Each structure stands twice: as C-alpha cells, then as structure tokens.
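Listed here are the chains, written in short residue letters.
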Amino acid sequence: MPEERPTMPPVRLRTDAELARDALAAPLLARAVRLARWAEPGKPVASGGVLPEGELRAAIELLGLSGDEDGPEHTAQAWQLAVDTGLVEIDESEEASGAAAAARSEGEGEGDGGGAGDRADGEAPLGDEFSALAISGEELRLITEGGPRDILDIWLDGFETVLADAAAPDLGDIAAQISEGGELDLDAIDWNPEEEAEFLDGVLGNLYLLTALDEEAAAASVPLPALAASMIVPEDMDEPTDDILEEVSEAMVRLDDQFRLLAPTGLIDYQPVDEALIQEVDGEGRIQEPETAEELEDEDVSRYGMVRLTPLGIYAVRARMIEAGIDAPAVGDLAGKGADILLDALPGHPEPAAQAEAEQWLARRTPEEAARELLAAARGDDEGAPLRRLTCQQTLSLVGTEAEPALREVLDDRHLGGLARVWLAEHGVAGVPEPSEAMVFWLTVDTLAAQLATEGDSAELRDLVRGLVDQSGSFFDSAWRVDHPATAEVLEAMGRLHPDKQAAKEARKAAFKARSRA
C-alpha cells in the first residue's frame, strides 16, 4: 500500500489579491521593484550583475537608505533579489559589455569625476567592473500588468532564495577558513546543509501548526526561547539538562540571525533579540540566561525575541509543504466537494476552521439542496456513521428555515428522524410529530457513539452520561434493546464513565445483554 501523506490542519488564507498587496508592501520586494525600474534604461554592472561601488551608492540613495548604517547591506540584498527573481536581467554579451563601457565613459564625461561609477577612493574602476549591462526583466512587467498570482509567484521565488541564504553558513567563517587554508571544510565550520535547512523548515512548520490549531493564539507572537525549545527539548524530558539548555541558547542565536534575514521578505513579524543579551563564549554567540526563577519572571520576555508568521508567511509555508508532499489543506478546499467528503473531514478541523469550512460549503448551495445532500451523506450503519450524523447536525445548525422541506422528508427515517426533529424544534417549526421511545433511545446511543469517537472518555462525556442516567432511573433497562451497531460499545463506556458504582455495574450488565442479543 502507498504510504499516507502527512496531513496538517487546515488554515485560513487571505485572498490572492490581499496576499499580493502584502507581497508588494514587503520591504525587500518593494525595494527590489524600485531598483528594477531604476535599471530599466540599462545600468553598467560587474560580471554576474554585481553593482560596482559607485552604482551601489546611487542605489542606496534611491532607496532612501543613505542614513542607515545597514543601508548598503539592505540595498545589496534587494538588488540580489531583483536579479534572482528576474525583475532585473543581466546581459553579459559582447554587445552589452560594450554598451556598459560606453555608458560608463559617458557618465565620466558629464561630471567632475564623482559619477555613479566612481570608486570610493577616487580611482578609476577596474576593467571588468563594467563588463555587463543590467536591464529590467520580464517579471517587472508582471508586477504592474500581471494578476495577483503572478505577483505571488515572483514573491515566492524571492522568498526561496532568501530562505536558502538564511540556512547558509556564516560568510565570515567561510572567508576566514579559506584565507587560512585555501580550502573549504564544512565539518570545520560545523554546518550541515541538509540539517540546517531541515531545522529551519521545522521551525517554520511549528509556527504554521500553531496558526492552524489556534488562530487566536497565533495572532500573538511566540517567544523565541519557546520556539527553539520546541525543536530541541525532547517531549519526555521534564527538566532540560545543561547541555540541552546550551543547545537551545545556540539555536536562539542562529534563529535570531535567520529571522532578521527573513523578516524583510514579509514572511514573519519579528522582534529581534536584545543585543545586550548576546555574549560571546568560545567564539560563538550565546544568550544570557536569568540566574534565578525570580529574575526570569521579572525579565521582559520580548527581549529574547518574538516571532509570528504573517498571512503571507502562512501562504508561503503551506506552498512549501505541498511541494514536499504534505497534505496542507486550506479552508474552502471542500466547498466544491460532496457532502460525504465534508462530513468525514470536519471532525478533524479545529472548531473555527470547521465552521468556516461548513459556511463556505453551504454558500454554494441553497439551504434545501444543502440539507438534502447532508442528510443523504449522514445515513449508514458503518462505524463512522454516528460521527457523520453529529457533524451533519452541527452543519445544519447553520442553515435557515428554508431547509425545512428537506428535514420533514426524513422524519420517518430510522437514521435521520431523530436529528430532523431536533432541528425542526430548534427552529420553532410547528406540527412536528413526537418521536417514539425507540427513536429517542436510538438517537441517544447514536449521539454517545459520536461523542466517544471524537472525545474518548472525556470529562464532558462523563457529565453527559451521569445526566442521562439521573434523568431516567430505568435507562439501562431499555438501552440494551436499542437496535444500533454501537449499543454494546456505548453501554460499556457508560460503565467506565459513571461515577456511581451501582450505575456502572448496571451499565456493564446491559452491555453484556446487548452483545448477547446481537
């Protein structure tokens, strides 16, 4: 049999138009687009598209980053993104090289030697410093003339390049090693490309999972220590060892650097670690830890870094998961599917996502059509049928009185008559026949079977069991006779759950009778 794909809970995505606006507003892509337009007439550059120093200064000024100490770095990153995504194309043909040299010569003749291509020390550029020509690429046209999906594809391409950079080793370590020995030894710089990429993917996956499981909690940022610990501390470890805590600290420093790089893409909202908390130990960064629990309580946790995925980040991480073969559904995926698929899927959704999914499914149908389709899918005596009927009942609670004809049609149905009466009564419909005692007990067993399937032996189910028995002292005398596939299983569960020993004993005896009858 083929191996089942891992499945994530569904997430709610913004529309493509909203996500495209977010992408264009992200600092890195916004700067890249400005630089691509700046390059549209053609800019002389070095081999590979590297901006010579003078052109870099002009680009920094264009972006309004002249007063920012990180301006050269931000500008270089934006230019690289423009090249990587095709917003800017680099022509290194002989013809382009000649045009670049001519453009440089023309620039020198127009001023006093302080043109955009001049070196910082006043010397003329090296011969190969203007060996290519940068021009705007086809992707720049898509930014203004394409649709939201075109913009998102460009943004995703750029995000992938930045993510790869974030998982790369420190360039300073590489430069130092090459200068010392002339060869690159990945083991010596303690970097494994696959492990590093997997770790970063895992961190983003944890943030994604948090968003999918609890939208309200995901609106708040996650403390960086908690996120790092979720990747390193074993689940069965009650108290982390000193070695584990040291690993967490190292991971926090690494993640701080990576998140600083990723934040301008719009993937995450990130508040960096307070620089005052980072100290160097044996040549590596460490996060200072509070010495006492009291100090930890008094410490502002935000100083240790806070992060959350943006809506654009949720979209991007989901896209990567799907590409990796993970089933990562979005709310609305089921809107065009049949009711049988909907009823099977909704119990696995977090509650807000389940309601949103049901609402989108209902929006494509008239209330009466939706009710008929749901009721037809809820029939059956298979093991999953009780949960389907409970999910059907919950979904029908979102439908208005226009669905009444469909509910009346199943009043005499053995599987559906009970839930139909409940719905009609809740909607204040007149003329609903009273259910028979057999139908009441059948619906009770069906509902308990569904609750067992979703909650197991939960406290809520225990309270429900106690309430049922308290309301009817002779409940077990009748319950074992109910013609339902789950009767014995439900009665056994009631024996486990009821706090009264006598009632529990009666439930077990009734379960035995039900099995003997079957």
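Everything discussed here concerns the structure shown above.
Treat the numbers as computed from the prediction; the structure is a model and nothing was measured.

How each quantity is defined
- Residues numbered from 1 in each chain as written.
- Predicted model: local features only at pLDDT ≥ 70, side-chain atom pairs only at ≥ 80, totals over all residues.
- Heavy atoms only, no water.
- Core = buried A, V, L, I, M, F, W, Y, C linked by side-chain atoms within 4.5 Å.
- Buried < 20%, exposed > 50% of the residue type's maximum accessible area, 1.4 Å probe, protein only.
- Helix = DSSP H or I, 4+ residues; strand = E, 2+ residues; numbered from the N terminus.
- Contact = heavy atoms within 4.5 Å.
- Salt bridge = Lys/Arg side-chain N within 4 Å of Asp/Glu carboxyl O.
- Pairing = 2+ DSSP bridges.
- Phe/Tyr/Trp six-rings, centres within 6.5 Å; stacked < 30°, edge-to-face > 60°.
- Lys NZ or Arg CZ within 6 Å of the ring centre and 35° of its normal.

Colleague: Just checking my understanding: could you explain the nonpolar core for this structure?
Modeller: Most often, soluble globular proteins have nonpolar side chains that are buried together. Formed by 78 residues in total, the largest nonpolar core has its most connected members in Trp79, Trp155, Phe259 and Leu267. A total of nine residues in this core trace back to one element, the largest contributor, which is helix H7 (residues 148–166). If we skip the residues at most four places from it in the chain, Phe259 touches Leu200, Val203, Leu224, Leu227, Ile268, Tyr270 and Val307. Residues Leu343, Leu346, Trp423 and Val429 belong to the second largest nonpolar core, which totals 29 residues.

Colleague: Sorry if this is basic, but what is going on with the pattern of salt bridges here?
Modeller: Any two side chains of opposite charge can pair if their charged atoms end up close together. Evaluated as defined, the whole model comprises 21 salt bridges. Residue Arg308 is joined to Asp269 by a salt bridge in which the shortest nitrogen-to-oxygen separation is 2.7 Å. Of this pair, Arg308 sits in strand E8 (residues 306–309) while Asp269 sits in strand E5 (residues 268–271), and the two are 39 residues apart along the sequence. Taking the relative accessible area as the measure of exposure, Arg308 reaches 23% and is therefore partly exposed. Judged by relative accessible area, Asp269 falls into the partly exposed class, the value being 34%. The salt bridge partner of Arg372 is Glu409, with a shortest N-O separation of 2.5 Å.

Colleague: Any chance you could explain the sheet that holds strand E4 (residues 222–223) here in plain terms?
Modeller: Pairing between sheet strands relies on hydrogen bonds along the backbone, with the strands arranged either parallel or antiparallel. If you trace the three strands from one edge of the open sheet to the other, you get E4-E8-E5, paired in antiparallel fashion. Only two strands of the sheet have a single neighbouring strand rather than two, namely E4 and E5.

Colleague: For this particular structure, what's the right way to read the packing of aromatic side chains?
Modeller: For any two aromatic rings, the description comes down to two numbers: the centre-to-centre distance and the angle of the planes. Applying the stated criterion across every chain yields a total of five aromatic pairs. Judged by centre distance (6.1 Å) and plane angle (80°), the rings of Trp38 and Trp79 are edge-to-face. Of this pair, Trp38 sits in helix H2 (residues 27–38) while Trp79 sits in helix H4 (residues 71–85), and the two are 41 residues apart along the sequence. Grouping residues by exposure puts Trp38 and Trp79 together as buried. Relative to Phe476, the ring of Phe475 has its centre 5.5 Å away and its plane inclined at 85°; by these criteria the two rings are edge-to-face. Judged on exposure class, the residue Phe475 and its partner Phe476 are both buried. Three or more aromatic residues joined by ring pairs form one cluster here, namely Phe441, Phe475 and Phe476. The aromatic ring of Phe199 is capped on one face by Arg254, whose charged end is 4.6 Å from the ring centroid. Here Arg365 stacks its cationic end above the ring of Trp361, 3.8 Å away from the centre of that ring.

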